[in-house]
Amino acid sequence: MPTTITSRQNPRVKQAAALRNRKSRDERQQTLVYGPRETLRAIEAGAEVLEAFLCSALLRGADADAAANAAREAAAEVYETTPEVFEKLAYGDRLDGMVSVIRTPQRTLAELTLGPQPLVAVIEGVEKPGNLGAVLRSADGAGFDAVVVADPVIDLFGPNVIRASTGAVFTKSVAVATVDQTLAWLRGSGAPIYATRPDATQPYTAADFSAGGVIVLGAEATGLTGAWHADDITPLCLPMHGVCDSLNLSATAAVLFYEALRQRSQ
(Lines give C-alpha, C1' and ligand atoms only; values in the text may rest on other atoms or scores of the structure.)
Protein backbone atom coordinates (compact mmCIF):
# COMPACT_ATOMS: atom_id res chain seq x y z
CA MET A 1 0.00 0.00 0.00
CA PRO A 2 1.33 3.47 -0.87
CA THR A 3 1.96 6.01 1.88
CA THR A 4 -0.95 8.42 2.24
CA ILE A 5 -0.20 12.15 2.48
CA THR A 6 -2.86 14.23 4.21
CA SER A 7 -1.04 17.52 4.81
CA ARG A 8 -0.39 20.23 2.21
CA GLN A 9 2.75 21.10 4.21
CA ASN A 10 4.30 17.67 3.69
CA PRO A 11 7.96 18.11 2.61
CA ARG A 12 7.52 15.80 -0.39
CA VAL A 13 4.57 17.82 -1.62
CA LYS A 14 6.37 21.14 -1.12
CA GLN A 15 9.46 19.89 -2.97
CA ALA A 16 7.37 18.67 -5.88
CA ALA A 17 5.36 21.91 -6.05
CA ALA A 18 8.63 23.89 -6.16
CA LEU A 19 9.33 22.33 -9.58
CA ARG A 20 6.83 24.74 -11.11
CA ASN A 21 9.75 27.18 -10.93
CA ARG A 22 12.34 26.81 -13.71
CA LYS A 23 15.25 27.60 -11.37
CA SER A 24 14.30 24.63 -9.20
CA ARG A 25 13.92 22.41 -12.26
CA ASP A 26 17.33 23.41 -13.58
CA GLU A 27 19.05 22.99 -10.22
CA ARG A 28 17.55 19.60 -9.49
CA GLN A 29 17.34 18.36 -13.10
CA GLN A 30 13.79 17.26 -12.42
CA THR A 31 10.41 18.30 -13.73
CA LEU A 32 6.68 17.79 -13.18
CA VAL A 33 4.37 15.75 -15.37
CA TYR A 34 0.66 16.46 -14.98
CA GLY A 35 -1.75 13.66 -15.80
CA PRO A 36 -1.72 9.87 -16.19
CA ARG A 37 -1.59 9.92 -20.01
CA GLU A 38 1.49 12.14 -20.02
CA THR A 39 3.14 10.11 -17.26
CA LEU A 40 2.53 6.90 -19.18
CA ARG A 41 4.08 8.35 -22.34
CA ALA A 42 7.09 9.54 -20.36
CA ILE A 43 7.63 6.06 -18.92
CA GLU A 44 7.17 4.40 -22.31
CA ALA A 45 9.83 6.74 -23.73
CA GLY A 46 12.28 5.69 -21.02
CA ALA A 47 12.01 8.65 -18.64
CA GLU A 48 12.99 7.98 -15.03
CA VAL A 49 10.03 8.55 -12.74
CA LEU A 50 11.14 9.47 -9.22
CA GLU A 51 7.82 10.08 -7.50
CA ALA A 52 4.15 9.82 -8.32
CA PHE A 53 1.32 11.48 -6.41
CA LEU A 54 -2.07 9.87 -6.85
CA CYS A 55 -5.54 10.89 -5.77
CA SER A 56 -7.72 7.82 -6.23
CA ALA A 57 -10.88 9.88 -5.87
CA LEU A 58 -9.95 11.73 -9.06
CA LEU A 59 -8.33 9.00 -11.16
CA ARG A 60 -10.43 7.86 -14.11
CA GLY A 61 -10.01 5.55 -17.08
CA ALA A 62 -7.57 2.98 -18.42
CA ASP A 63 -4.70 5.49 -18.73
CA ALA A 64 -4.90 6.17 -15.01
CA ASP A 65 -4.63 2.51 -14.03
CA ALA A 66 -1.87 1.85 -16.56
CA ALA A 67 0.15 4.91 -15.49
CA ALA A 68 -0.15 4.12 -11.80
CA ASN A 69 0.93 0.52 -12.38
CA ALA A 70 3.79 1.61 -14.63
CA ALA A 71 5.05 4.04 -11.99
CA ARG A 72 5.04 1.29 -9.37
CA GLU A 73 6.83 -1.12 -11.72
CA ALA A 74 9.42 1.60 -12.42
CA ALA A 75 10.23 1.59 -8.68
CA ALA A 76 9.08 5.17 -8.22
CA GLU A 77 7.97 6.39 -4.82
CA VAL A 78 4.18 6.36 -5.08
CA TYR A 79 2.07 8.40 -2.67
CA GLU A 80 -1.68 8.52 -2.21
CA THR A 81 -3.00 12.03 -1.47
CA THR A 82 -6.23 13.55 -0.35
CA PRO A 83 -8.07 15.83 -2.83
CA GLU A 84 -7.00 18.86 -0.76
CA VAL A 85 -3.32 17.90 -1.00
CA PHE A 86 -3.60 17.08 -4.68
CA GLU A 87 -4.94 20.58 -5.41
CA LYS A 88 -1.59 21.99 -4.29
CA LEU A 89 0.21 19.94 -6.95
CA ALA A 90 -2.32 20.08 -9.76
CA TYR A 91 -2.15 22.47 -12.72
CA GLY A 92 -4.96 25.02 -12.50
CA ASP A 93 -8.25 23.18 -12.48
CA ARG A 94 -6.80 20.04 -14.04
CA LEU A 95 -7.65 17.55 -11.35
CA ASP A 96 -7.11 14.25 -13.16
CA GLY A 97 -5.58 12.43 -10.23
CA MET A 98 -1.87 12.07 -11.01
CA VAL A 99 1.23 14.26 -10.87
CA SER A 100 4.69 12.76 -11.35
CA VAL A 101 8.23 13.94 -10.74
CA ILE A 102 10.72 12.75 -13.35
CA ARG A 103 14.41 13.14 -14.04
CA THR A 104 14.67 15.71 -16.84
CA PRO A 105 15.69 13.91 -20.06
CA GLN A 106 18.72 15.22 -21.94
CA ARG A 107 18.17 15.27 -25.71
CA THR A 108 20.91 16.22 -28.19
CA LEU A 109 21.34 16.05 -31.96
CA ALA A 110 23.64 13.05 -31.55
CA GLU A 111 20.67 11.01 -30.30
CA LEU A 112 18.57 11.63 -33.41
CA THR A 113 18.50 9.03 -36.14
CA LEU A 114 17.31 10.04 -39.59
CA GLY A 115 16.30 7.59 -42.26
CA PRO A 116 16.33 8.27 -45.99
CA GLN A 117 14.28 11.27 -47.15
CA PRO A 118 13.44 12.47 -43.63
CA LEU A 119 10.95 15.10 -42.58
CA VAL A 120 12.43 17.39 -39.92
CA ALA A 121 10.99 20.40 -38.11
CA VAL A 122 13.09 23.14 -36.51
CA ILE A 123 11.64 25.68 -34.10
CA GLU A 124 13.96 28.60 -33.32
CA GLY A 125 13.69 30.76 -30.23
CA VAL A 126 10.15 29.71 -29.32
CA GLU A 127 8.95 31.65 -26.29
CA LYS A 128 5.50 30.20 -25.51
CA PRO A 129 5.12 26.75 -23.91
CA GLY A 130 1.67 26.24 -25.40
CA ASN A 131 2.95 26.90 -28.91
CA LEU A 132 5.93 24.58 -28.53
CA GLY A 133 3.76 21.81 -27.11
CA ALA A 134 1.24 22.17 -29.93
CA VAL A 135 4.01 22.10 -32.57
CA LEU A 136 5.45 18.92 -31.06
CA ARG A 137 2.01 17.33 -31.04
CA SER A 138 1.44 18.23 -34.72
CA ALA A 139 4.88 16.92 -35.73
CA ASP A 140 4.15 13.65 -33.94
CA GLY A 141 0.75 13.39 -35.61
CA ALA A 142 2.16 14.08 -39.08
CA GLY A 143 4.87 11.45 -38.64
CA PHE A 144 7.91 13.72 -38.67
CA ASP A 145 11.24 11.99 -38.16
CA ALA A 146 12.69 14.66 -35.86
CA VAL A 147 12.04 18.01 -34.23
CA VAL A 148 14.94 20.28 -33.24
CA VAL A 149 14.30 23.08 -30.77
CA ALA A 150 17.02 25.62 -31.57
CA ASP A 151 18.09 28.27 -29.03
CA PRO A 152 14.87 27.96 -27.03
CA VAL A 153 13.87 30.74 -24.65
CA ILE A 154 11.77 28.33 -22.61
CA ASP A 155 12.41 24.97 -20.96
CA LEU A 156 11.74 22.08 -23.33
CA PHE A 157 10.63 19.86 -20.46
CA GLY A 158 8.71 22.50 -18.54
CA PRO A 159 5.38 21.23 -17.19
CA ASN A 160 3.35 23.41 -19.56
CA VAL A 161 5.20 22.14 -22.65
CA ILE A 162 4.67 18.56 -21.50
CA ARG A 163 0.98 19.23 -20.93
CA ALA A 164 0.44 21.07 -24.25
CA SER A 165 2.22 18.33 -26.19
CA THR A 166 0.18 15.62 -24.39
CA GLY A 167 3.49 13.88 -23.74
CA ALA A 168 4.81 14.00 -27.33
CA VAL A 169 7.84 15.93 -26.03
CA PHE A 170 9.14 12.66 -24.58
CA THR A 171 9.52 10.93 -27.93
CA LYS A 172 13.16 10.31 -28.79
CA SER A 173 12.82 12.26 -32.02
CA VAL A 174 13.04 15.60 -30.15
CA ALA A 175 16.34 17.37 -29.45
CA VAL A 176 17.69 20.74 -28.31
CA ALA A 177 20.66 22.51 -29.92
CA THR A 178 22.08 25.91 -30.80
CA VAL A 179 21.23 27.43 -34.16
CA ASP A 180 24.81 26.93 -35.39
CA GLN A 181 24.78 23.26 -34.36
CA THR A 182 21.39 22.79 -35.98
CA LEU A 183 22.44 24.34 -39.29
CA ALA A 184 25.60 22.23 -39.49
CA TRP A 185 23.62 19.07 -38.72
CA LEU A 186 20.91 19.89 -41.26
CA ARG A 187 23.40 20.64 -44.02
CA GLY A 188 25.07 17.34 -43.31
CA SER A 189 21.77 15.53 -43.81
CA GLY A 190 21.40 16.75 -47.40
CA ALA A 191 17.67 17.41 -46.98
CA PRO A 192 16.29 20.60 -48.58
CA ILE A 193 15.69 23.37 -46.01
CA TYR A 194 12.59 25.59 -46.10
CA ALA A 195 12.25 28.60 -43.80
CA THR A 196 8.88 30.22 -43.08
CA ARG A 197 9.11 34.00 -43.50
CA PRO A 198 6.39 36.65 -43.94
CA ASP A 199 8.46 38.33 -46.67
CA ALA A 200 8.74 35.15 -48.75
CA THR A 201 7.11 35.05 -52.19
CA GLN A 202 7.00 31.27 -52.69
CA PRO A 203 3.84 29.70 -51.21
CA TYR A 204 4.20 26.59 -49.09
CA THR A 205 2.29 24.55 -51.69
CA ALA A 206 5.14 25.09 -54.16
CA ALA A 207 7.63 23.25 -51.94
CA ASP A 208 8.37 19.63 -52.78
CA PHE A 209 8.33 17.54 -49.61
CA SER A 210 7.79 14.24 -51.41
CA ALA A 211 11.44 13.28 -50.93
CA GLY A 212 11.73 14.76 -47.44
CA GLY A 213 12.71 18.19 -46.23
CA VAL A 214 13.26 20.51 -43.30
CA ILE A 215 10.65 23.06 -42.18
CA VAL A 216 12.03 25.90 -40.05
CA LEU A 217 9.72 28.10 -37.97
CA GLY A 218 10.59 31.10 -35.82
CA ALA A 219 9.34 32.70 -32.64
CA GLU A 220 5.95 34.33 -32.80
CA ALA A 221 7.17 37.79 -31.78
CA THR A 222 10.37 38.07 -33.81
CA GLY A 223 10.31 35.39 -36.51
CA LEU A 224 13.51 33.73 -37.71
CA THR A 225 16.93 35.24 -37.20
CA GLY A 226 19.31 36.08 -40.05
CA ALA A 227 21.00 32.69 -39.70
CA TRP A 228 18.22 31.28 -41.88
CA HIS A 229 18.70 33.80 -44.69
CA ALA A 230 21.12 31.76 -46.77
CA ASP A 231 21.38 30.68 -50.40
CA ASP A 232 20.74 27.03 -49.58
CA ILE A 233 17.55 27.80 -47.61
CA THR A 234 14.28 28.39 -49.48
CA PRO A 235 11.87 30.91 -47.89
CA LEU A 236 8.19 29.93 -47.82
CA CYS A 237 5.01 31.75 -46.88
CA LEU A 238 1.37 31.00 -46.21
CA PRO A 239 -0.99 33.23 -48.23
CA MET A 240 -2.58 35.86 -45.97
CA HIS A 241 -5.66 37.64 -47.32
CA GLY A 242 -6.55 39.80 -44.33
CA VAL A 243 -4.82 42.43 -42.22
CA CYS A 244 -2.49 39.96 -40.45
CA ASP A 245 0.87 38.99 -41.92
CA SER A 246 1.09 35.51 -40.36
CA LEU A 247 -0.77 32.79 -38.51
CA ASN A 248 -0.12 31.65 -34.99
CA LEU A 249 3.09 29.56 -34.85
CA SER A 250 1.34 26.31 -33.99
CA ALA A 251 -1.29 26.86 -36.71
CA THR A 252 1.42 27.53 -39.29
CA ALA A 253 3.27 24.41 -38.22
CA ALA A 254 0.15 22.24 -38.51
CA VAL A 255 -0.59 23.50 -42.04
CA LEU A 256 2.97 22.86 -43.23
CA PHE A 257 3.42 19.52 -41.49
CA TYR A 258 0.24 18.07 -42.91
CA GLU A 259 1.04 19.42 -46.38
CA ALA A 260 4.32 17.51 -46.15
CA LEU A 261 2.43 14.41 -44.99
CA ARG A 262 -0.05 14.78 -47.87
CA GLN A 263 2.75 14.93 -50.42
CA ARG A 264 4.55 11.99 -48.86
CA SER A 265 1.34 9.95 -48.92
CA GLN A 266 0.76 10.36 -52.65
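All residue numbers refer to position in the chain's written sequence, counted from 1. Per-residue local features are limited, in this predicted model, to residues with pLDDT of at least 70; the limit for side-chain atom pairs, both in listing and counting, is 80 or more; totals at the level of whole chains, interfaces and linings are taken over all residues. Only hydrogens and water are removed before side-chain values are computed, so all heavy atoms of the structure are retained for them.

Engineer: It is not clear to me how the packing of helix α3 (residues 36-44) against helix α4 (residues 61-73) should be interpreted in this structure. Could you clarify?
Structural biologist: To describe two helices that pack against each other, one gives the angle between their axes and the distance between the axes. A fitted line through C-alpha atoms serves as each axis, taken over the contacting stretch for helices, and the angle formed by two N-to-C directions is quoted from 0 to 180°. Starting at the N terminus, helices and strands are each numbered in turn, a helix being any DSSP run of H or I of at least four residues and a strand any DSSP run of E of at least two. Where α3 contacts α4, the two axes come as close as 8 Å, and the packing angle between them is 45°. Classed by the angle they form, the pair α3 and α4 counts as oblique. For α3 against α4, the interelement crossing comes out left-handed. Of α4, the residues touching α3 (which contributes Pro36, Arg37, Thr39, Leu40 and Ile43) are Asp63, Ala64, Ala66, Ala67, Ala70 and Ala71. Throughout, the ten residues Ala, Val, Leu, Ile, Met, Phe, Trp, Tyr, Cys and Pro are labelled nonpolar, Asp, Glu, Lys and Arg are labelled charged, and all others, Gly among them, are labelled polar. Grouping the constituent residues of the contact of α3 with α4 by class yields eight nonpolar, one polar and two charged. Between 65 and 115 degrees an angle is taken as roughly perpendicular, under 35 as roughly parallel, over 145 as roughly antiparallel, and anywhere else as oblique. Here is the rule for handedness: rotate from the far helix to the near one, and if that takes an anticlockwise turn smaller than a right angle the crossing is left-handed, while a clockwise turn gives right-handed. Residue contacts are counted whenever heavy atoms from the two residues lie within 4.5 Å of one another.

Engineer: I keep staring at the pairing of strand β8 (residues 174-177) and nothing clicks. Help me out?
Structural biologist: The two faces of a sheet get side chains in turn, since along a regular strand they alternate between them. Only when DSSP finds a minimum of two bridges between them are two strands counted as paired. Two strands pair when backbone bridges link them, and strand β7 (residues 146-150) and β8 are joined in this way by four bridges, in the parallel orientation. Residue Val148 lies in a different strand from β8, and its bridge partner there is Ala175. Looking down the strands as they point away from the viewer, one classifies a crossover as right-handed if the path from the first strand across the helix to the second runs clockwise. Running through helix α7 (residues 159-164), the crossover from β7 to the neighbouring parallel element β8 is right-handed.

Engineer: I'm lost on the sheet that holds strand β2 (residues 30-34) in this one. Help?
Structural biologist: In sheet architecture, strand pairing relies on hydrogen bonds along the backbone and comes in two forms, parallel and antiparallel. Strand order in the open sheet formed by five strands is β1-β4-β3-β5-β2, with mixed pairing between adjacent strands. Strand pairing shows two members of the sheet lacking a second neighbour, β1 (3-5) and β2, which therefore form its edges. Neighbouring strand axes in the sheet, compared pairwise and without regard to direction, differ in orientation by 25° on average.

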